[in-house]
Amino acid sequence: MNLVDRFLQYVKFDTQSDELTNLTPSTPGQMFFAEHLKTELEQLGLEEISLDENGYLMATLPANGAPDAPVVGFIAHLDTSPDLSGRHVSPRIVEKYDGGDILLNPTSGIVLSPTEFPELSHYVGQDLIVTDGNTLLGADDKAGIAEIISAVDYLKQHPEIKHGKIRIAFNPDEEIGLGAHKFDVQRFGADWAYTMDGGEIGELEYENFNAAVAKVSFAGRNVHPGYAKHKMVNSMRIANQFVIMLPRWETPEHTEGYEGFYHLVSMEGNVEKTVLTYIIRDHDRDRFERRKKELEHLARKINHEFPDCCTIEIKDQYYNMREKIEPAMYIVEIAEEAMRRADITPKVQPIRGGTDGAQLSFKGLPCPNIFAGGLNFHGRYEFVPIPSMEKASQVIVEIARLVAERG
């Protein structure tokens, strides 16, 4: 089975994660997919294959001539985002993309257009895999899984490429921030690893956001509106007052690069009670801490005007892995050289998001992030150029070769 066939098969598995179940994996489809992959790895002849009760699948490609080389790992996640359905995914290959609009769904008139997604112009002439407009595609991160398995398959078929011991792992629930929580770093046994979970070709990332989630609750008092003067306390109006107290330009739609933000992700309420949920993001740890303090400060201001109305709960989610990667920058340099050997220009940039690699780095496994090739993740306009997937798999092979050469 080749890379494209693997990917087209994998996206048919419904593996959306669900943060409400409090289970690991959070959905049964992820375990079903992991069991399928376990069988495939057994058929490929990999060793030390294990699948635990939490859906963490690990395997080994033994060294074939470089026994003293460091053990390097490659990791991807099983789940797809809960932002849009991943059920009944119906992928289609657009051959030799001509640069125009791509009609994803004639019935609904859903179009993938370079007018709205100008990055399409980078892939004119290439074969693209797209959705039918009803679901996401699942390149995040089934492209990464297909690339890793195809790379180890290639290495097995080409024993003339000497490499050390290689460990691979596929984990659940990355999309809900829990992918690394039960990842057994000691059992994995790698000196360092790479997540194959980035976007467009050439991306290489070892910096990510510091991240927290904040739940801000407002208590109100309901009274018949005809007799409410000086009695009613409308929690929704107070919550709205809180929202507009935050700087309007420090939101996702107004920031880029290293700029952090406050992001209001949900608002639920009535007169009696309203709850705002924010995510807080910043690459700089000091600014991150100041953002959390600012929310607490605004909660105190609300309570000064409306006593005991507002409560706030802030929980850290993950931190910037840069501080754990910088002492071992050679692992980034190896990835850069591997890309150059594959005729790819590395694009080292910060992740405006999170990655399992961040949490794994803080658990003792330094873990930069490498492109998997897909674009427009988490929505119906997601697509992946086939040459980008092929290059990602080639980068894995080149990393294995480089690690053996350098010892």
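See the structure shown above.
Cut-off values and rules
- Residues numbered from 1 in each chain as written.
- Predicted model: local features only at pLDDT ≥ 70, side-chain atom pairs only at ≥ 80, totals over all residues.
- Heavy atoms only, no water.
- Disulfide = S-S within 2.5 Å.
- Buried < 20%, exposed > 50% of the residue type's maximum accessible area, 1.4 Å probe, protein only.
- Helix = DSSP H or I, 4+ residues; strand = E, 2+ residues; numbered from the N terminus.
- Pairing = 2+ DSSP bridges.
- Contact = heavy atoms within 4.5 Å.
- 1 Å grid on protein atoms, 1.4 Å probe; cavity = no way out; pocket = protein on both sides within 12 Å on 5 of 7 lines; lining within 4 Å.
- Points joined across faces, edges and corners; volume = space filled by probe spheres on them.

1. Topic: the state of the cysteines
Thinking step 1. Under the counting rule described, the total for this entry stands at 0 disulfides.
Thinking step 2. We note that Cys-309 lacks a disulfide partner, and the nearest cysteine sulfur, in Cys-310, lies 6.2 Å from it.

2. Let's talk about the pairing of strand 13 (residues 273–282)
In the case of a regular strand, side chains alternate between the two sheet surfaces.
Thinking step 1. With 8 of 10 residues buried, strand 13 lies mostly within the body of the structure.
Thinking step 2. Relative to strand 13, strand 11 (residues 210–219) runs antiparallel, the two sharing 10 bridges. Directly across from Ala-219, in strand 13, lies its bridge partner Lys-273.
Thinking step 3. Here 8 bridges tie strand 12 (residues 261–269) to strand 13, and the two strands are oriented antiparallel to one another. Bridging from a neighbouring strand, Gly-269 pairs with Thr-274 of strand 13.
Thinking step 4. The hairpin turn running from strand 12 into strand 13, its antiparallel successor, is 3 residues long.

3. Points about the side chain of Glu-40
Thinking step 1. With respect to the secondary-structure elements, Glu-40 resides in helix 2 (residues 28–44).
Thinking step 2. Apart from the residues within four sequence positions on either side, Glu-40 is in contact with Arg-6, Tyr-10 and Ile-149.

4. A look at the layout of surface pockets
Thinking step 1. Of the volumes computed, that of the second largest pocket is approximately 210 Å³.
Thinking step 2. What lines the second largest pocket is a set of 15 residues, and nearest its centre among them are Ser-150, Ala-151, Tyr-154, Ser-393 and Val-397.
Thinking step 3. Mapped onto the lining of the second largest pocket, the elements with two or more residues apiece are helix 1 (3–10), helix 3 (139–157) and helix 10 (386–406).
Thinking step 4. Per-element tally for the lining of the second largest pocket: the top contributor is helix 10, with 6 residues.

All quantities given are derived from atomic positions and should not be read as evidence of function.
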